[in-house]
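The primary structure of each chain is shown beneath.
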Amino acid sequence: MIGTGTTTARNRLISPSQTDAEPRVITPFPAPKIMDLPQFQGEHKESLYWGTYRPHLYLGIRARTPQSLMAGLMWIGVKDGNNHLRHVCKHEDDLSAYGWGKHNGRDYGHQVLVDHGMILTTEFLKSKGDDSGYGGDWAVRIDVQVDKSKWNEEFGRDAQLFFYLADEGGNVLDVGKDNLNVRKSSLLASGSRTDIGDWQLHLKSTDDLKLHYSGFHTPHFHNLSDLVEGNLASQTRKHGQAQLSDSSDDSPNVLAFQIIGGFPFTTDIVFISGTDSESSRVEERVNSLAVDFQVDSESISVGKAAVGNLLGGIGYFYGQSKIALSRPLNDREQVDYLSYWPAELYTAVPCRPIFPRGFLWDEGFHQLVIWRWDVHISLDIIGHWLDLMNIDGWIPREQILGAEALSKIPAEYVAQHPTNGNPPTLFLALSGIINALKNNEFNAMDRSEISLFMERAFGRLEAWFQWLNNTQSGEQMSSYYWRGRDNRTILELNPQTLSSGFDDYPRASHPSSDERHLDLRCWVLLAAECMHSIEELLNKETKPGKNYGSTVKLLSNLELLNEMHFDDAYGAYFDFGNHTEKVRLEWKELKAGHNHATRQLVREVLERPVLRLVPHIGYVSFFPFMGRIIPSGSWILEKQLELISNRSQLWTDYGLRSLAKTSSLYMKYNTEHDAPYWRGTIWINMNYRVLSALHHYSEESGPYQDKAKAIYKELRSNLIRNMVHNYHQTGFLWEQYDQDKGNGKGAHPFTGWTSVVVLIMAEAYDTI
């Protein structure tokens, strides 16, 4: 194992570094930023300047710059007989479908939103001509239809859309109010910015539309729907009509346009940059973008939807993370925190309504899909993540950057703990890219840029590996345990391990430094294998104390692994720790303030825990299998195949359960209100990794090759069939799937790591 010590002490985190007066935890990694590489500048950077980079909105556009000009769509929908303004993606809006059915991550996107009888089709298109300003022009086409079987005409015969522009930089926006008439002129608004020059916003439609507007001056951009709702409410009280006021605050930096039209209608909204140039050809460019949309009427497959919504969910964020320096003993205690340096992040997101921000452990799975689609976008995203690294090699695992991101998250999850890690899944994607490089799957220019990226990234990847290897190491050589478990809790049935990504998955009942977490050991092995591959790619000499090849040999030593984690009786791999199975939740009267008693569900331990293997079979048990550590001729491989295919444990007709039915914590609540999460339901990212290993063993000569092949075919078929059925039935891909009936559960549309279904369909697995 490389290195030994830890960096968990509070004084270590806040002591000044040698190079900077700032506390270490908020001191950037002292190396050139990856995003400063020439390959991420120039044409590449400009081509990605505008995009649908506000994934938490049904339709939101911004530039990849901190003080951006932003655009967004709102509309009035009807639910339970009442009008509701739609803007931010919300489960409670109860849309029966939405999401990018097609998106290429660069200049085109197509999505259909179905809202209680109203059907909105939105398309996004970008164009860069000789006359354009920086970043080019863009257009949005909005087509509004109505399903008469679901729409009561008492709700109205008109659709009401609201399209807005907001300038985060505070630049004044000018409304084209003198000509706000579709028949006479298409100009809605204009303005000027230092990045793109003068610009204009136009509306083009052949339908009979009515327009109203309102201008606002505000320093806040995370609650723009409140401004529109307030203006509509005021106008309704004064005039009895829900129409914007056709007036503006002084020096408005937000303009909202109300577009009213009878069903059905189509309108194009076109943004033209660089209108200050003498040859700007504004009218010609507006007309060109307005006719460039090609509507594809063919039904969109699940695979297209998976890739499209993943790419369409890429966002741009800018702000400062909050870094916790203490862990509260109770809900009333204040958490001390520092602010990270201001930083930007270009990233895919797991789920637009629930998780519209960057998650480190999700991102590696996202990139398994994205690098195969567009390796330049993928490297751009990975580079942004690695540039968030501090001087110790730590990256905050959840990125809550800026007011819009902050507005979507409960306060208790905001502060990031610098002692806690996260699965280094970016190494999964980097391994895939390196293997594709070895197999000559890239052209000469791409090969050169990938090599330059790896050269620049190597120091950061090395620091990340060292941080993980050192700070998460266990008491015994080559053992590891996730920091961050609460050993004081009296409310949780099994203290959560949020840093592992598996949240409530059963670990040792009593957290301690004696724990050995099997999954973390295998993640470190994966990282070491990738580091070794990058060393070979770059022809780097092995440094003293940083021999990745030796670390790979140590952590893939089957005898040592079995000694620490294998149970002969079960034929399974387990965590190790201070554990008892005799734990339950019981209702008890607890004293609160002023001698007031309250009834709470409290953890009760019925026997003394002992150091032992933790006997819960589930996803964690198969990490050695997923990492292909087990030899193809070993009897242990046969045991893994038997456990996977055992219907009384993990196997279902819809995919593999996260936890075996035989586990004492199977589908158990962890607290009074915390429903089971990783305790039985089916997750696609882990099923993908199991399938990848099954595919590997089905091609390796050995006594269990045919068995691996048969299980692989059936599991792959079950997963695809169920996900396609769910998608066509509900219109969504889901965070997880029910193990008994196969129906989608949790957050939706979840086209983060669930999108790896497209790789399952393509049988695209990486050689680790």
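Residues numbered from 1 in each chain as written. Predicted model: local features only at pLDDT ≥ 70, side-chain atom pairs only at ≥ 80, totals over all residues. Heavy atoms only, no water.

1. What to know about the overall build of the protein
No. 1: When helices and strands are counted, the protein shows 18 helices and 32 strands.
No. 2: Expected size for 768 residues packed as a compact globule is a radius of gyration near 27 Å; at 27 Å, the protein falls within 12% of this value.
No. 3: The principal-axis extent of the C-alpha atoms belonging to the protein is close to 80 × 65 × 60 Å.
No. 4: Buried residues in the protein amount to 60% of all 768 residues.
No. 5: A sequence separation of at least 24 residues applies to 70% of the contacts in the protein between residues at least 6 apart.
No. 6: Carbon and sulfur atoms make up 46% of the accessible area of the protein, which amounts to about 30400 Å² in all.
No. 7: Across the protein, the 75 positively charged side chains and the 95 negatively charged ones have centroids separated by 4 Å. (Helix = DSSP H or I, 4+ residues; strand = E, 2+ residues; numbered from the N terminus. Rg over C-alpha atoms; globule rule 2.2 N^0.38 Å. Buried < 20%, exposed > 50% of the residue type's maximum accessible area, 1.4 Å probe, protein only. Contact = heavy atoms within 4.5 Å. Areas by Shrake-Rupley, 256 points an atom, 1.4 Å probe, with all protein chains shown as cover. Lys, Arg positive; Asp, Glu negative; His and termini not counted. Charge placed at Lys NZ, Arg CZ, Asp CG, Glu CD.)

2. Describing the sheet that holds strand 8 (residues 137-146)
No. 1: Reading across from one edge, 5-6-7-8-16-12-11-10 is the order of the eight strands in this open sheet, with antiparallel pairing throughout. At either margin of the open sheet sits one strand with a lone partner, and together these are strand 5 (100-103) and strand 10 (174-175).
No. 2: Relative to strand 16 (residues 265-273), strand 12 (residues 197-204) runs antiparallel, the two being bridged by six bridges. Within strand 16, the residue paired with Trp199 across the bridge is Ser273. (Pairing = 2+ DSSP bridges.)

3. Focus: the packing of helix 6 (residues 360-373) against helix 9 (residues 426-438)
No. 1: Between helix 6 and helix 9, whose axes approach to 6 Å, the crossing angle comes to 25°. Between helix 6 and helix 9, the angle falls in the class roughly parallel. Contacts from Leu360, Glu363, Gly364, Phe365, Gln367, Leu368 and Trp371 in helix 6 reach Leu426, Leu428, Ala429, Gly432, Ile433 and Ala436 in helix 9.
No. 2: Among the residues making up the contact of helix 6 with helix 9, the classes are represented as nine nonpolar, three polar and one charged. (Axes fitted to C-alpha atoms, helices over the stretch in contact; angles between N-to-C directions. Parallel < 35°, antiparallel > 145°, perpendicular 65-115°, else oblique. Nonpolar A, V, L, I, M, F, W, Y, C, P; charged D, E, K, R; others polar.)

4. A look at the confidence of the model for the protein
No. 1: Across the protein, the average pLDDT comes to 92, with 93% of residues at or above 70.
No. 2: Confidence drops under a pLDDT of 50 for residues 3-12, and excluding neighbours within four residues, the segment shows 19 contacts in the predicted structure. (pLDDT = per-residue confidence, 0-100.)

5. A look at the environment of Lys668
No. 1: You can see Lys668 is positioned in the loop between strand 30 (655-656) and helix 16 (684-698).
No. 2: The exposure class of Lys668 is partly exposed, given its relative accessible area of 40%.
No. 3: Taking the C-alpha atoms as reference points, Lys668 and Val282, 386 residues apart in sequence, are found 62 Å from one another.
No. 4: Those residues in contact with Lys668 that sit more than four places away from it in its chain are Leu493, Pro676 and Arg679.
No. 5: For Lys668, the side chain forms a polar contact with the main-chain oxygen of Ser664, separated by 3.0 Å. (Polar contact = N/O pair within 3.5 Å; in protein donor to acceptor, adjacent residues only side chain to side chain.)

6. Structural notes on the domain arrangement of the protein
A common way to report how large an interface is uses the accessible area buried once the components associate.
No. 1: Domain parsing of the protein yields domain 1 (61-295) and domain 2 (309-762).
No. 2: Averaged C-alpha coordinates put domain 1 and domain 2 at centres separated by 39 Å.
No. 3: Each partner contributes residues to the interface: domain 1 has 23 residues there, and domain 2 has 27 residues.
No. 4: Each partner contributes to the roughly 2000 Å² buried at the junction of domain 1 and domain 2, and carbon and sulfur atoms together form 57% of this total. (Domains from an automatic or database assignment. Buried area = accessible area lost by both parts, 1.4 Å probe.)

7. Structural notes on the pattern of salt bridges
No. 1: Taken as a whole and assessed by the stated rule, the structure comprises 26 salt bridges.
No. 2: Taking the shortest distance from any N to any O, the salt bridge between Glu398 and Arg357 comes out at 2.7 Å. Here the residue Glu398 occupies a position in strand 22 (residues 398-399), and Arg357 occupies one in the loop between strand 20 (343-347) and strand 21 (358-359), the gap between them amounting to 41 residues. Considered together, Glu398 and Arg357 belong to a single accessibility category, that of buried residues.
No. 3: Of the charged contacts in the structure, one is a salt bridge between Arg679 and Asp504, with a shortest N-O distance of 3.6 Å. Here the residue Arg679 occupies a position in the loop between strand 30 and helix 16, and Asp504 occupies one in the loop between helix 10 (444-471) and helix 11 (518-538), the gap between them amounting to 175 residues. Asp504 shares its class with Arg679; the two are buried.
No. 4: Each member of the salt-bridge network shares a partner with another, and the members are Arg86, Asp93 and Asp115. (Salt bridge = Lys/Arg side-chain N within 4 Å of Asp/Glu carboxyl O.)

8. Structural notes on the packing of helix 9 against helix 10
No. 1: In the contact formed by helix 9 and helix 10, the axes pass within 12 Å of each other and the chain directions differ by 145°. In this structure, helix 9 crosses over helix 10, and the sense of that crossing is left-handed. When helix 9 is examined against helix 10, the residues Leu426, Phe427, Leu430, Ile433, Ile434 and Leu437 are found in contact with a partner set consisting of Arg447, Ile450, Ser451, Phe453, Met454, Leu461 and Trp464.
No. 2: Classifying every residue of the contact of helix 9 with helix 10 by side-chain character gives eleven nonpolar, one polar and one charged. (Left-handed = near helix turned anticlockwise from the far one by under 90°.)

9. Remarks on the environment of Asp446
No. 1: Mapped onto the secondary structure, Asp446 falls in helix 10.
No. 2: Along the backbone, Asp446 and His376 are 70 residues apart, and their C-alpha atoms lie at a distance of 8.3 Å.
No. 3: Beyond its immediate chain neighbours, meaning those up to four positions away, Asp446 contacts Val375 and His376.

10. A word on the side chain of Glu449
No. 1: Mapped onto the fold, Glu449 is located in helix 10.
No. 2: Of the side chains with opposite charge, Arg106 lies nearest to the buried Glu449, which makes no salt bridge, at 8.4 Å.
No. 3: If we skip the residues at most four places from it in the chain, Glu449 touches Gln39 and His376.

11. Quick look at the pairing of strand 7 (residues 118-127)
No. 1: The element strand 7 is largely enclosed, with a buried count of eight among its ten residues.
No. 2: Taken together, the eight bridges between strand 6 (residues 108-115) and strand 7 define a ladder with antiparallel strand orientation. In the sheet register, Tyr108 faces strand 7, and the bridge partner there is Leu125.
No. 3: In this antiparallel pair of consecutive strands, strand 6 and strand 7, the connection spans two residues, and His116 shows a positive phi of 50°.
No. 4: Note that strand 7 and strand 8 share ten bridges and pair antiparallel. Bridge pairing links Thr122 to Ile142 in strand 8.

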